[in-house]
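This is what each chain is made of:
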Amino acid sequence: MRFYGQPSRNYKKRNRYRRSSQNGRPRRKRRLLPLIFPAFIVTVVLFLYFVNSKLTPVYLSYAEIQTENIAAHVITQAIKSRSTEIYDVKEIMENVPNDSQGMVANTLNAEIINKTRAEIHGLVESHLKMAESGKLEMLPLSENIEYDPKAMDGSGGVVFFVPMGQAAGLPLIGNFGPKIPIRFHVIGEVQTNVETDITEFGINNAMIEVNILVKVNVQIVVPLATRRSVVEQRIPVAIGLIQSPIPQIYNGGGGNPPQIEVPFNPGGKQ
């Protein structure tokens, strides 16, 4: 028997089911909430690591090009402050006595060359140190490069920023996007070597060039990566044409061809 107004059994069952389902949903959400946040963080970190691993070689290549340009500019600024200009090769050429009659031997003046080499070595080192200490007048100015003088003065090395879009080679975003910090500093001492290039032509004629080869070892640092590079630049010291007397015997440069005797009569007529 059921009285009027008394809820039926089916109604009670439906109410119990609703209460149990309503109480269960918040509990499930509460259980999943501690797992969603760490999973989101891990996903973001993995995504950033994947993107960075793909773009790091691009950043390094771009940083290496910019580093070579900046270092070459600093070396050029150092060479402009030289006290001596380019010599004529005859000014640094010395005659060496020779027992053979009519033959002249020449050699380069080692004292002048070594003095010029030492001057170039000192100028390049001092200018690179000034650039690493934050003196912007030593560095090339560019709209695409922003230097950080405070970081350069504090920790040393040349520090500059480039937009990510430009470093990644994405012209659509160009100068937009986050800026990538790039640092490079000189490793060890500047190396200088003397190079002599002789180009022969004609009979006993030669074009002589004397250069100082400057090598600068630098370390390039981008986020999560580093690379070492060598910046080289040749600085002319002397250049000129040397014309020696024509020999009486000429065999075409040596070898098997027969010798040709050149008539020579300095004292009278033939």
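As named in an unreviewed UniProt entry, the chain is Sporulation protein YunB, taken from Sporosarcina koreensis.

> Go over the pattern of salt bridges, please, and point to the residues and values.
Going through the model one piece at a time under the given rule, you end up with four salt bridges. Two residues, Lys-179 and Glu-146, come together in a salt bridge whose shortest N-O distance is 2.5 Å. Placement of Lys-179 in strand β6 (residues 179–186) and of Glu-146 in strand β4 (residues 146–147) is noted, with a sequence separation of 33 residues between them. Assessed through its relative accessible area of 47%, Lys-179 is described here as partly exposed. We classify Glu-146 as partly exposed; its relative accessible area is 39%. Across the pair Glu-195 and Arg-234 runs a salt bridge, and its minimum N-O distance is 2.9 Å. Of the two residues, Glu-195 sits in strand β7 (residues 191–201) while Arg-234 sits in strand β9 (residues 225–243), which places them 39 residues apart along the sequence. Look at Glu-195 and you get partly exposed, because its relative accessible area is 26%. In this structure Arg-234 comes out as partly exposed when scored by relative accessible area, which is 48%.

> Which residues make up the confidence of the model for the chain, and what are the values?
Across the chain, pLDDT averages 75, with 68% of residues at or above 70. When the elements of the chain are averaged for pLDDT, strand β11 (residues 260–261) gives the smallest value, 42, and helix α2 (residues 110–132) the largest, 91. Per-residue pLDDT stays below 50 along residues 258–270; that stretch engages in 15 contacts with residues further than four places along the chain or on separate chains.

> Before we move on, can you summarise empty space enclosed by the protein with the specific residues and values?
In this structure the tally under the stated criterion is one cavity of 30 Å³ or more. Its boundaries defined by the atoms lining it, the largest cavity holds a volume of some 40 Å³. As for the largest cavity, its lining consists of Ile-70, Ala-71, Val-74, Leu-128, Ala-131, Glu-132, Leu-139, Val-158, Phe-184 and Val-186. Mapped by element, the contributors of at least two residues to the lining of the largest cavity are α1 (9–80), α2 and β6. Each residue belonging to the lining of the largest cavity can be placed in one class, and the counts come to nine nonpolar, no polar and one charged.

About the thresholds
- Residues numbered from 1 in each chain as written.
- Predicted model: local features only at pLDDT ≥ 70, side-chain atom pairs only at ≥ 80, totals over all residues.
- Heavy atoms only, no water.
- Salt bridge = Lys/Arg side-chain N within 4 Å of Asp/Glu carboxyl O.
- Helix = DSSP H or I, 4+ residues; strand = E, 2+ residues; numbered from the N terminus.
- Buried < 20%, exposed > 50% of the residue type's maximum accessible area, 1.4 Å probe, protein only.
- pLDDT = per-residue confidence, 0-100.
- Contact = heavy atoms within 4.5 Å.
- 1 Å grid on protein atoms, 1.4 Å probe; cavity = no way out; pocket = protein on both sides within 12 Å on 5 of 7 lines; lining within 4 Å.
- Points joined across faces, edges and corners; volume = space filled by probe spheres on them.
- Nonpolar A, V, L, I, M, F, W, Y, C, P; charged D, E, K, R; others polar.

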